[in-house]
Amino acid sequence: MEVFDEGEQDGDVYVFFVTGAREGDLLAAASRVAMLPGVPPGTVAVVSNDEAEEFGLGRRVALPPPAL
């Protein structure tokens, strides 16, 4: 798994990119981050790939997801 940067702001949300692992592992990592102090409720992951036509397009997964 790899995080490419510190995140970036897109409108009123912050975006972090993680890659390099299976989808379940990436969602588990995102879930752990979503439970950290200071992370607001309503956090989502967007499952996408580098061929998406537009930033933010993909399947949305509410975090933390149910146990895998």
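A. Broad picture of the overall build of the protein chain. From N to C terminus, the protein chain includes one helix and six strands. Looking at the 68 residues of the protein chain, the share that counts as buried comes to 15%. The long-range fraction of contacts in the protein chain, counting pairs at least 24 apart against all pairs at least 6 apart in sequence, stands at 29%. Entry remark: accessible area of the protein chain is about 5,400 Å², with carbon and sulfur atoms responsible for 55%.

B. The arrangement of the nonpolar core in detail. Counting five residues, the largest nonpolar core is built from Leu27, Ala34, Ala45, Val61 and Leu63. Once residues lying within four places of it in the same chain are set aside, the contact partners of Ala34 are Val39, Thr43 and Leu63.

C. Geometry of the layout of surface pockets. By volume, the largest pocket amounts to about 1,500 Å³. Contributing to the lining of the largest pocket are 39 residues, with Val15, Phe16, Val44, Ala45 and Val46 lying nearest its centre. Of all the secondary structure elements, the ones that give two or more residues to the lining of the largest pocket are β3 (13–15), β4 (18–19), α1 (23–34) and β5 (44–47). Split into classes, the residues belonging to the lining of the largest pocket amount to 27 nonpolar, seven polar and five charged.

D. Molecular detail of α1. If you check α1, its first and last C-alpha atoms are 16 Å apart, about what twelve residues at 1.5 Å a residue would give, namely 16 Å. Considered for burial, the residues of α1 that qualify are Leu26, Leu27, Ala29, Ser31 and Ala34.

E. Structural view of the environment of Ala62. Inspection of the secondary structure assignment puts Ala62 in strand β6 (residues 59–62). On the basis of relative accessible area, Ala62 is assigned to the exposed category, the value being 55%. Taking the C-alpha atoms as reference, Ala62 lies 7.1 Å from Gly42; in sequence the two are 20 residues apart.

F. Inspection of the pattern of salt bridges at higher detail. All chains considered together, the criterion is met by two salt bridges. The shortest N-O distance in the salt bridge between Arg22 and Asp25 comes to 3.2 Å. Classification of Asp25 as partly exposed rests on a relative accessible area of 32%. Here Glu23 ties to Arg59 by a salt bridge, and the two come within 2.2 Å at their closest N and O atoms.

Procedures and definitions
- Residues numbered from 1 in each chain as written.
- Predicted model: local features only at pLDDT ≥ 70, side-chain atom pairs only at ≥ 80, totals over all residues.
- Heavy atoms only, no water.
- Helix = DSSP H or I, 4+ residues; strand = E, 2+ residues; numbered from the N terminus.
- Buried < 20%, exposed > 50% of the residue type's maximum accessible area, 1.4 Å probe, protein only.
- Contact = heavy atoms within 4.5 Å.
- Areas by Shrake-Rupley, 256 points an atom, 1.4 Å probe, with all protein chains shown as cover.
- Core = buried A, V, L, I, M, F, W, Y, C linked by side-chain atoms within 4.5 Å.
- 1 Å grid on protein atoms, 1.4 Å probe; cavity = no way out; pocket = protein on both sides within 12 Å on 5 of 7 lines; lining within 4 Å.
- Points joined across faces, edges and corners; volume = space filled by probe spheres on them.
- Nonpolar A, V, L, I, M, F, W, Y, C, P; charged D, E, K, R; others polar.
- Expected span 1.5 Å × (residues − 1).
- Salt bridge = Lys/Arg side-chain N within 4 Å of Asp/Glu carboxyl O.

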